[in-house]
Amino acid sequence: MIIKLDENPGTEEVFDFINEAISKRAFIIIVACCRIKYRGRATSRLGSGDRTIIIKTDGSFLVHQDYNLEPVNWQPPNCKFKTRMENGRVYLCGVRRNPPESLEVEICKTHMISYHIGKDIKKLELAGYEEDMRAMIMESPELIEKGFRPTSKEYPVSTGFIDILGKDKNGSLMVLELKSRQAGINAVKQLKKYFEDFTDHKDFVRGLLVAPSITEDAQELLEKYQLEFKALEPPKELKSAKSVTLDFFNK
């Protein structure tokens, strides 16, 4: 990995540094006092403040404040970058053609600037999601209840896709909505919509919300709708077949 770092650089140093890093398709991090302008599907302005500016090797462009998880402004991959110096400031602009939009950062004072050229081709293995719960239930349906027989997964209905459709030991239809985290009111409302698609079904229908836990207000709403809840934790073991590639650096 190649790393280059500079602290409290001057305007010309920042300008040269950014252009060098962009030309090398490096992963760039800038901590600076800056202003932001966005033009495109809407317009926005953000006044002067200390922020973290990130440019990724795929052309993603993000500006973070020192709070909140999400960036305050951002552009998706494949941005084209332009820089200029004007009145002792460096202007960094990320531009997209389709849709036409631009994010411009006016860098007033740079506290730290760095770039990294590295290699990361490892895959992030995921576990504990609804997909894992669905596979676990399909393999071991007795986890729901004795005699449960799943018949379909991702079953399409007018309001979406039912996670698992099946029948209980008495032959009654069961509609299962899965949540890998604590279930709230929205999960209950979602299950109710799916359940209502079968109100004219000739057999008795049961709606079952499956999650590790449920909030009190969601439990009350569930009982009001005469739906059921089953506490079930998602599997925690990682499966190498289920992975997502994070390609932050050049391969």
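Residues numbered from 1 in each chain as written. Predicted model: local features only at pLDDT ≥ 70, side-chain atom pairs only at ≥ 80, totals over all residues. Heavy atoms only, no water.

Student: So what's going on with the pattern of salt bridges? Which residues, and what values?
Tutor: Evaluation of the coordinates by the stated rule reveals 15 salt bridges. Between arginine 35 and glutamate 106 there is a salt bridge, with its nearest N and O atoms 3.3 Å apart. On the criterion of sequence distance, the pair formed by arginine 35 in strand E2 (residues 27–39) and glutamate 106 in strand E8 (residues 101–117) is long-range, its members being 71 residues apart. With a closest N to O distance of 3.3 Å, glutamate 177 and lysine 179 form a salt bridge. Judged by its relative accessible area of 2%, glutamate 177 falls in the buried class. Through salt bridges with shared partners, one network takes in Glu145, Asp168, Arg206 and Glu228. (Salt bridge = Lys/Arg side-chain N within 4 Å of Asp/Glu carboxyl O. Helix = DSSP H or I, 4+ residues; strand = E, 2+ residues; numbered from the N terminus. Buried < 20%, exposed > 50% of the residue type's maximum accessible area, 1.4 Å probe, protein only.)

Student: How would you sum up helix H3 (residues 185–196)? Please name residues and give values.
Tutor: Taking 1.5 Å per residue, 12 residues should reach 16 Å; H3 reaches 17 Å between its end C-alpha atoms and fits that length. For H3, every residue scored as buried is listed here: Ala187, Val188, Leu191 and Tyr194. Summarising the axial view, the buried residues of H3 lie within an arc of 125°, below the 170-degree limit, and thus occupy one face. Buried positions along H3 lie against strand E10 (149–157), strand E11 (160–167), strand E12 (173–178), strand E13 (205–211) and helix H4 (216–224). (Expected span 1.5 Å × (residues − 1). Arc of directions from axis to C-beta. Contact = heavy atoms within 4.5 Å.)

Student: Mind laying out the UniProt feature "domain: Endonuclease NucS N-terminal PH-like" (unreviewed entry) in the protein chain, listing which residues take part and the relevant values?
Tutor: Following the UniProt record, one finds the feature "domain: Endonuclease NucS N-terminal PH-like" (unreviewed entry) at residues 24–120. End C-alpha to end C-alpha, residues 24–120 measures 16 Å, and it is 0% helix and 67% strand. (UniProt positions renumbered as here; feature names shortened; annotations may be inferred.)

Student: Outline the environment of glutamine 219, listing residues and values.
Tutor: Examined against the element boundaries, glutamine 219 turns out to sit in helix H4. In the structure, glutamine 219 is positioned 134 residues away from methionine 85 in sequence and 59 Å away in space, judged by C-alpha atoms.

Student: Tell me about the domain arrangement of the protein chain, and name the residues and values.
Tutor: Domain parsing of the protein chain yields domain 1 (1–115) and domain 2 (128–229). Centre-to-centre, using C-alpha coordinates, domain 1 lies 46 Å away from domain 2. (Domains from an automatic or database assignment.)

Student: Summarise the pairing of strand E3 (residues 43–55); cite the residues concerned and give the values.
Tutor: In the sheet, E2 pairs with E3 via 11 bridges, with the strands oriented antiparallel. Within E3, the residue paired with isoleucine 36 across the bridge is leucine 46. Turn length for the E2-E3 hairpin, with the two strands adjacent in sequence and antiparallel, is 3 residues. (Pairing = 2+ DSSP bridges.)

Student: Would you mind going over the nonpolar core in detail, with residue names and values included?
Tutor: Core analysis: the biggest nonpolar cluster contains 24 residues, and Ile18, Ile30, Ile53, Phe61, Leu92, Val105 and Ile107 have the highest contact counts within it. Excluding its chain neighbours within four sequence positions, the residues that come into contact with isoleucine 18 are Ile30, Thr83, Val90, Leu92, Ile107 and Ile113. Val175, Val188, Phe198 and Ala218 belong to the second-largest nonpolar core, a separate cluster that totals 19 residues. (Core = buried A, V, L, I, M, F, W, Y, C linked by side-chain atoms within 4.5 Å.)

Student: Can you break down unusual backbone geometry residue by residue, with the values?
Tutor: Cis rather than trans, the peptide bond between asparagine 98 and proline 99 has omega equal to 0°. With phi around 75°, asparagine 68 is a residue other than glycine that occupies positive phi space. By relative accessible area, asparagine 68 is classed as exposed at 61%. The residue asparagine 87 is not glycine, and still its phi comes out positive at about 55°. Tracing the backbone through its elements, the reader meets asparagine 87 in the loop between strand E6 (80–86) and strand E7 (89–96). Its relative accessible area of 71% is what places asparagine 87 among the exposed residues.

Student: A description of helix H2 (residues 130–139) should follow, citing residues and the corresponding values.
Tutor: When H2 is considered as a whole, its buried residues turn out to be Asp132, Met133, Arg134, Met136 and Ile137. Buried positions along H2 lie against E10, E11, E12 and E13.

Student: Break down a positive patch on the surface for me, with residues and values.
Tutor: Side chains of Arg25, Lys80, Lys82 and Arg97 sit close together on the surface and give a patch of like positive charge. In this structure, arginine 97 sits in the loop between E7 and E8. (Patch = residues over 30% accessible without salt bridge, like charges linked within 9 Å, V, L, I, M, F, W, Y side chains within 5 Å. Areas by Shrake-Rupley, 256 points an atom, 1.4 Å probe, with all protein chains shown as cover. Lys, Arg positive; Asp, Glu negative; His and termini not counted. Charge placed at Lys NZ, Arg CZ, Asp CG, Glu CD.)

Student: Can you tell me about the sheet that holds E11, naming the residues and giving the values?
Tutor: Read across the sheet, 5 strands follow the order E10-E11-E12-E13-E14 without closing on themselves; strand pairing throughout is mixed. Of all the strands in the sheet, just E10 and strand E14 (228–231) have a single pairing partner and so form its edges. On average, each strand axis in the sheet is tilted by 30° relative to the strand beside it, whichever way the strands run. Relative to E11, E10 runs antiparallel, the two being bridged by 7 bridges. Counterpart to lysine 153 in the pairing with E11 is isoleucine 164. Together, E10, E11, E12 and E13 form the strand contacts of H2, whose direction differs from that of E10 by roughly 145°. (Axes fitted to C-alpha atoms, helices over the stretch in contact; angles between N-to-C directions.)

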